[in-house]
Structures are given as C-alpha cells and as structure tokens.
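This is what each chain is made of:
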Amino acid sequence: MQNRLTYTHKHAYLYFSIFLLLFFPFLFASAAGPDDCKPGYTWESRSGIGCVQANCKNIPNAHYGYVRDCICGSSGSIHENPDDPNKECRYPSSHAACPSCVYACVHADDECPVAPGLKNTPKSDKLPTETTPPKPPQNSPVKTNTASSPTVRPTLSTQSVIKRTCAQYCATLTEGGQYDEVLETSGTYPKCKCTVDIKDKHNRIKQTITQNGDKRSTYTYNPLTGDLITKNTISLAAEKERIRQKLGFKYSEEEIDALLDEAAIDKWFQFMMQDIDTRTSLLDPQFWWQHIVGALDHGTEKSSATFVDTYKFGRCGDSMQWLEQNLIKDIKLTGKKDSRNEAVLSITGEKYKNMLNHTALIIRPTGISNIAWKEMVSELITKTQTEDSLTKSDINHIDPQLLDATVLDPYFKKKTTVREFIKGWSVIRIS
C-alpha cells in the first residue's frame, strides 16, 4: 500500500509540473526577454539561461558552458581536471556594470584577484566591503542572517587561530561525573598544565590525570582502598597521530577545528549564499518555476549540485548537495580515501510519510576528539538505518553538543542549529 501511495504521489507531482509548464507562459506574459538582461549581458533566445555574459570569451581560461553560462577551465565537466584554473571569480550581484559576472579564472587553492576597476569604480558601482553588504535580489523573501558578505571566496585553512584557554582545555579532561574536579590549570594553550580528579558516584577518586604540555599521565586507583593500580604516560601528539591513522581521518583534531572555525565558516557561507536566488514562498511564481525546471532537468527523486551552479537556485536537496560539494572541495576532503563525515553530516526532516521533507548540512562541532566524533557519527548513522527515526532524546544521549551543532541551510539561506532544525518534523534522519 505504501509503495502504491508513493507511486501515485510521484505521478501526481509530475502531472502537476507538466500542467504548470504548459500554462506558465500564459500566466506570466512578462517572461525574460532582451529588455530584462542586466548590464554586461546580451540576450540569446536559444541559450539555456537567456541572458548571456557578453565578455566571457575575453577572460583568460573562461568559456561558455552548455547552457551558455560563463565557466572556467574544465569546471563542471565529467572529465574535470583539478589542475585547471576551475574556480570562477565573480563580481557580487550588486555590481552595477556586470552583476555576478566572471572576471577571472584561478586554481582551486588560489585566492581571487581584486576585481578590475575596484578603485576607480563610481560610487554606485562600488564593490561591497566588510561594512557595505551587497543588496539582496529584488522580491526575494529569503535573506542570509549576516551583516556583511565578502567580495572574494574565503579560504578555509588549517592555519586559522583557534582562541582557546587552558581552563577550557583542562575541563575537557573530565568525564562529566558529578564529582569530577579540575584541581590545577595554568599555561597558554596548547602548552597547558592540568591536574584533574575523576571520581565515582560516591565521590571516590578513580583516576588522576596530570598534563604538562605534550605529556599526559593517568593514575588509576582502586576507589575502595585508594591504592594505585596503574600509571600510564603518553605523548599526546604521538597518540593523536596513531588514532588519526587508525580511524582513516585526514586531519588532526587541531586542523579540523581550524578548518571548521565558526567565524571562518560563517564568512564562507555568506559568500556562497550572496548570489543564490532560491524562492521559498508558495505564493512566489518562481517557487513553482524552480520545481518545474528541476523536475525536467533531473527528475523528482534526484538532486543535482551542478543544477544550482547553472541556475543559481535549487530545491532543498539540490541546494544541500551543492553546498556540501563546495565545502568538501574547499576543505580538501575529495581524495579517494577521504570521508566527508570527518567534517559534515546531512540532516533530513520528514513528515506525512516523507511527502514533505527538508535537508541541510551539519558542521562538526569544534573541540571534539577524532575518536569521539567517529563514535558519534557511527551511532547516528546506525540508528538512522535501523530505527524508524531519531529523536531529540537519542541525539542528546549520544552527545548534548550535537543539539547545538551548527546547521547550514542553503535552501532558506540561513544558519541554525540541530535543536532548531528538528522542530516540527516527525522523522529525523542523519547520514
């Protein structure tokens, strides 16, 4: 019965899309034409996008794509060569002379050069700065929850400075027990000196952990007698490297924390969202147009990241996949042995037997060890695959930090948390 309902739902959606497609021209007589092209674009009626960037061929390493969009190198090709200058450097959407135009092509790891004419551009055509945010698309009901957007694509680096104190670090050595106690904390992170007592539920010492820089000693006691059972001293750097290799992770804990630093991710997300014009209101005609184009392009059940690159809008699955692929590329987790779950997870909410759903991207919280994160991910995915749904209680039991983990929602162009995302959905899945 459920399969039949799903089958009927798919075909009803398809018939409705065809109906809208057939009658769309009559509903909106003011469809895009030569007069609708912005400065720097020319009208080509047979192209896939209508308004085509006029000077694309004059930009080194740039060329027109299959829908006449301006792309760099072998970007988007099934035979894409990572050694080509595949990254497009674009003016922001508020640029008066050529909004969202490609002005340079660079390699993936290179930063975009300053846009031509930046210093001599008239005030009305000035590129936005950190204190002058670009204007959002007209009539768009969706806004990013940021005060400003960068003009060039931010670089996510393992060299970022993570502000952390030794008091914060020493507190992570406890196990969360009622009587656990930090006895000593001093130094400047990462060269911290810590002494921590781990106690049982009867307030008896089970372990004492001392740390001085890279050396950590763990003293294990019999809580009944207080007798020392074992003493173990390790090099933290050596132990972390051993664990990293065993787990198959690419980055150390410090490196992944730097890559996913909240300020850096915020800035990157602002940049990625500034030219996306996805409409989310059922009353907006473009909302229906987006779904029609998506259904005809790659169907109702599949998602496509390149679709968002081409059209600058997408359904929620398209948008999440597009954002994920860009983030994974920028933090260089694209190798054959690399796992995207080292840094991100997808979260999906469903209701009405999945007739309604929404998906977004969870960013791994900073300050979690590689081994702890691996265990969390494994348990989340196992529960998703073996149970009907995750609950708030399930997630909280695995680790309370997950409820406050950052969620990037490219469809609604906003940053939220797992706690907020899961509200209102009867089924929660994480993968």
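Residues numbered from 1 in each chain as written. Predicted model: local features only at pLDDT ≥ 70, side-chain atom pairs only at ≥ 80, totals over all residues. Heavy atoms only, no water.

1. Topic: the sheet that holds strand β15 (residues 414–417)
Strand pairing within a sheet occurs via backbone hydrogen bonds; the two strands may be parallel or antiparallel. Taken in spatial order, the five strands line up as β15-β14-β13-β12-β16 in an open sheet, and their pairing is antiparallel. Only two strands of the sheet have a single partner each, and these edge strands are β15 and β16 (427–430). Ignoring which end each strand starts from, the neighbouring axes of this sheet average 30° apart. Looking at chain direction, strand β13 (residues 356–363) and strand β14 (residues 406–409) are connected through two bridges and run antiparallel. (Pairing = 2+ DSSP bridges. Helix = DSSP H or I, 4+ residues; strand = E, 2+ residues; numbered from the N terminus. Axes fitted to C-alpha atoms, helices over the stretch in contact; angles between N-to-C directions.)

2. Some thoughts on the confidence of the model for the protein chain
Summarising the model, the protein chain shows a mean pLDDT of 80, and 81% of its residues fall at 70 or more. The model gives residues 19–32 a pLDDT under 50, and that stretch makes ten contacts with residues more than four places away or in other chains. Every residue in residues 119–147 scores below 50 in pLDDT, and together they form 49 contacts with partners more than four places removed in sequence or on other chains. (pLDDT = per-residue confidence, 0-100. Contact = heavy atoms within 4.5 Å.)

3. Describing the environment of Thr155
Positionally, Thr155 belongs in the loop between β6 (102–106) and α2 (166–171). Judged by relative accessible area, Thr155 falls into the partly exposed class, the value being 44%. Sequence separation between Thr155 and Ile331 is 176 residues, and the spatial gap between their C-alpha atoms is 8.7 Å. (Buried < 20%, exposed > 50% of the residue type's maximum accessible area, 1.4 Å probe, protein only.)

4. Some remarks on the nonpolar core
Residues Leu156, Trp268, Trp322, Leu323, Leu327 and Ile331 are the most contacted members of the largest nonpolar core, which totals 27 residues. Of all elements in the fold, only α4 (253–259), α5 (262–273), α7 (305–311), α8 (316–330) and β13 reach the threshold of two or more residues within this core. Ranked by the residues each element gives to this core, the list is headed by α5, at seven residues. Residues within four places of Trp268 in sequence aside, it is in contact with Arg153, Pro154, Leu156, Leu323, Asn326, Leu327, Asp330 and Leu408. Counting residues in each nonpolar core, the second largest holds 24 residues, with Met376, Leu380, Phe421 and Ile430 among its members. (Core = buried A, V, L, I, M, F, W, Y, C linked by side-chain atoms within 4.5 Å.)

5. Some thoughts on helix α6 (residues 285–298)
The terminal C-alpha atoms of α6 lie 20 Å apart, and with 14 residues this matches the ideal 20 Å at 1.5 Å per residue to within 8%. Among all positions of α6, only Gln286, Phe287, Gln290, His291, Ile292, Val293, Gly294, Ala295 and His298 are buried. Its side-chain oxygen at 2.9 Å from the backbone nitrogen of Gln286, Asp284 defines the N-terminal cap of α6. One or two steps after α6, the chain reaches Gly299, where phi turns positive at roughly 90°. (Expected span 1.5 Å × (residues − 1). Polar contact = N/O pair within 3.5 Å; in protein donor to acceptor, adjacent residues only side chain to side chain.)

6. Focus on the side chain of Thr208
On the secondary structure map, Thr208 appears in strand β9 (residues 205–212). Polar side-chain contacts of Thr208 include one of 2.8 Å to the side chain of Asp197. For Thr208, the contacting residues outside a window of four places in its chain are Thr195, Val196, Asp197, Ser217, Thr218, Tyr219 and Tyr221.

7. Examining the pairing of strand β10 (residues 215–221)
Consecutive residues of a regular strand have side chains that alternate between opposite faces of the sheet. The pairing of β9 with β10 spans six bridges and is antiparallel. Bridging across to β10, Ile209 finds its partner in Thr218. In this structure, the hairpin formed by β9 and β10 is closed by a connection of two residues, where Gly213 is found at a positive phi of approximately 65°. In the sheet, β10 pairs with strand β11 (residues 228–235) via seven bridges, with the strands oriented antiparallel. Following the sheet pairing, Ser217 is matched in β11 by Thr233.

8. So, the packing of aromatic side chains
Considering all chains together, one arrives at seven aromatic pairs under this definition. Considering the side-chain rings of Phe287 and Trp288, the 5.0 Å spacing of their centres and the 90° angle between planes classify their relative orientation as edge-to-face. The class of Phe287 is buried, set by a relative accessible area of 8%. Ring geometry for Phe307 and Phe313: centres 5.8 Å apart, planes at 75°, overall edge-to-face. Accessibility classification places Phe307 together with Phe313 in one group, the buried group. One aromatic cluster is present, formed by Phe307, Tyr311 and Phe313 through successive ring pairs. Sitting over the face of the ring of Trp425, Lys351 holds its NZ or CZ atom 5.3 Å from the ring centroid. (Phe/Tyr/Trp six-rings, centres within 6.5 Å; stacked < 30°, edge-to-face > 60°. Lys NZ or Arg CZ within 6 Å of the ring centre and 35° of its normal.)

9. Notes on the packing of helix α3 (residues 236–247) against helix α9 (residues 370–386)
A pair of packed helices is captured by two measures, namely the crossing angle of their axes and the spacing between those axes. Interhelical geometry of α3 versus α9 gives an angle of 30° and a closest axis separation of 9 Å. One way to sum up the angle between α3 and α9 is to call them roughly parallel. Packed against α3, whose contacting residues are Ile243, Arg244 and Leu247, the element α9 presents Asn370, Ile371 and Lys374 at the interface. Tallied by class, the residues present in the contact of α3 with α9 amount to three nonpolar, one polar and two charged. (Parallel < 35°, antiparallel > 145°, perpendicular 65-115°, else oblique. Nonpolar A, V, L, I, M, F, W, Y, C, P; charged D, E, K, R; others polar.)

10. Looking at the sheet that holds strand β7 (residues 181–188)
Spatial strand order, β7-β8-β9-β10-β11: five strands in an open sheet with antiparallel pairing. Both outer strands of the open sheet, β7 and β11, are each paired with one neighbouring strand and no more. Here the average twist between neighbouring strands, direction ignored, is 10°. Sitting on the sheet, α3 is in contact with β9, β10 and β11, with an inclination near 80° to β11.

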